[in-house]
Amino acid sequence: MSILYRADAARGAAWASHFAEAAPDLAFHVWPDAGDLSKVEYLVAWQAPPDLLAQLPNLKVLFSSGAGVDHVDFSAIPGHVQVVRMVEPGIVDGMVEYVTMSVLALHRDLFDYLAAQAEGAWREGPVRPAAARTIGVMGLGVLGQAVLGRLAAFGFRLRGWNRSPKAIDGVEGFAGTAGLAPFLAGCDILVCLLPLTAATRGLVDAQVLAGLPRGASLINVARGAVVDTEALLDALDAGHLGRAVLDVTEPEPLPPDHRLWRHPRVAITPHIASMTQPQTAAPVLLENLRRHQRGEPMLGLIDRARGY
Ligand code: NAP
Ligand code: GLV
């Protein structure tokens, strides 16, 4: 039995050294030093190319090296191969930091002050207390809940919207299609943390943006395609949407001449909100290998029918 890691080569060394220390009995190979492909039962990869899959007759589990699996072509993966996404503390911490940074920057009008600085203008605005600002999170999964947990410490009013109803202490909950409009109506800052699936592609469209209070802002840290970019630009241009902080765009990388780059009320980062950290992810992978070998459910197992 062996494990094949075929993702970021530089980080592969960190994965290999964790396995060498914590589980020297396991054969952990870093691509292209793949060993005997017929022995590979576990593949850790961002993409699993069909030509590689065809050479792995004993593959049992594909571990996505990231939290999202929207890039995985499930039709190319044999039905008996389980797909598991990355649920690990490093990804969670990175996302909590990024969303907290963005929420606070919007809440304290940092982007307006940077614009004023560029003009050399000393232009004071009011300071609004956190308790007078409502942050709404779409997608109450691992990351959405962690983000809300941290934002609570600042005293913001919190609300969340999810496919299935979820009760979270201190968070006003909304669910499903019927819950979307009332949820949006109270959000000063909307944080998108939905997985990209057939059901969420383009979900944040003109109607959803129009459902936000005038002047509200959007933070998209999910996937670019969850948001309709043209509708976003229209809502910004119309002054309905105050600002957008985008860690993800459609397409990625965003072409240099794309209108989003130059919009004065859009802040863009190149999909770096959070990343798998080998030192915290390797123990989770190890735990999942043990669980699989004991026939127990793995953390982050994907439901292929739902797509997340
Ligand atoms: P997760 O634990 O699977 O949570 C997804 C949540 O979204 C669940 O609560 C789910 O509801 C809800 N949901 C799914 N489809 C929905 C729909 N159609 N309508 C309303 N709610 C829906 O995922 P996660 O770990 O929190 O990660 C979320 C996403 O973050 C990932 O898929 C990835 O795309 C993105 N991400 C981005 C970065 C970055 O650097 N920008 C890093 C990591 C992850 P149920 O409870 O009903 O299932
Ligand atoms: C990053 O976007 C991930 O899905 O891990």
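Right above here is the structure, for reference.
Presented here is a report on the structure given in the accompanying data block. Treat the numbers as computed from the prediction; the structure is a model and nothing was measured.

About the cut-offs
Residues numbered from 1 in each chain as written. Chains lettered and ligands numbered in written order. Predicted model: local features only at pLDDT ≥ 70, side-chain atom pairs only at ≥ 80, totals over all residues. Heavy atoms only, no water. Pairing = 2+ DSSP bridges. Helix = DSSP H or I, 4+ residues; strand = E, 2+ residues; numbered from the N terminus. Axes fitted to C-alpha atoms, helices over the stretch in contact; angles between N-to-C directions. Contact = heavy atoms within 4.5 Å. Salt bridge = Lys/Arg side-chain N within 4 Å of Asp/Glu carboxyl O. Buried < 20%, exposed > 50% of the residue type's maximum accessible area, 1.4 Å probe, protein only.

A few words now on the sheet that holds strand β9 (residues 189-192). The strands making up a sheet associate through backbone hydrogen bonding, with each pair oriented either parallel or antiparallel. Spatial ordering of the open sheet is given by β8-β7-β6-β9-β10-β11-β12, a layout of seven strands whose pairing is parallel. The open sheet terminates on both sides in strands that have one partner only, identified here as β8 (172-175) and β12 (266-268). Within this sheet the neighbouring strands show an average axis-to-axis angle of 15°, counted without direction. Here strand β10 (residues 216-220) pairs with strand β11 (residues 241-246) via four bridges, running parallel. Following the sheet pairing, Ile219 is matched in β11 by Val245. Along the sheet, helix α5 (residues 142-151) makes contact with β6 (134-138) and β7 (157-162), crossing β6 at roughly 165°.

Attention now goes to the pattern of salt bridges. Inspection of the entire model under this criterion finds twelve salt bridges. For Glu119, the salt bridge is made with Arg123, and the minimal N-O distance between the two is 3.0 Å. Judged by relative accessible area, Arg123 falls into the partly exposed class, the value being 44%. We note a salt bridge from Asp188 to Arg128, for which the minimum N-O separation is 3.4 Å. Residue Asp188 is located in the loop between α6 (176-185) and β9, and its partner Arg128 is located in the loop between α4 (110-119) and β6; the two are separated by 60 residues in the primary sequence. Taken together, the shared-partner salt bridges connect Glu230, Asp237 and Arg259 into one network.

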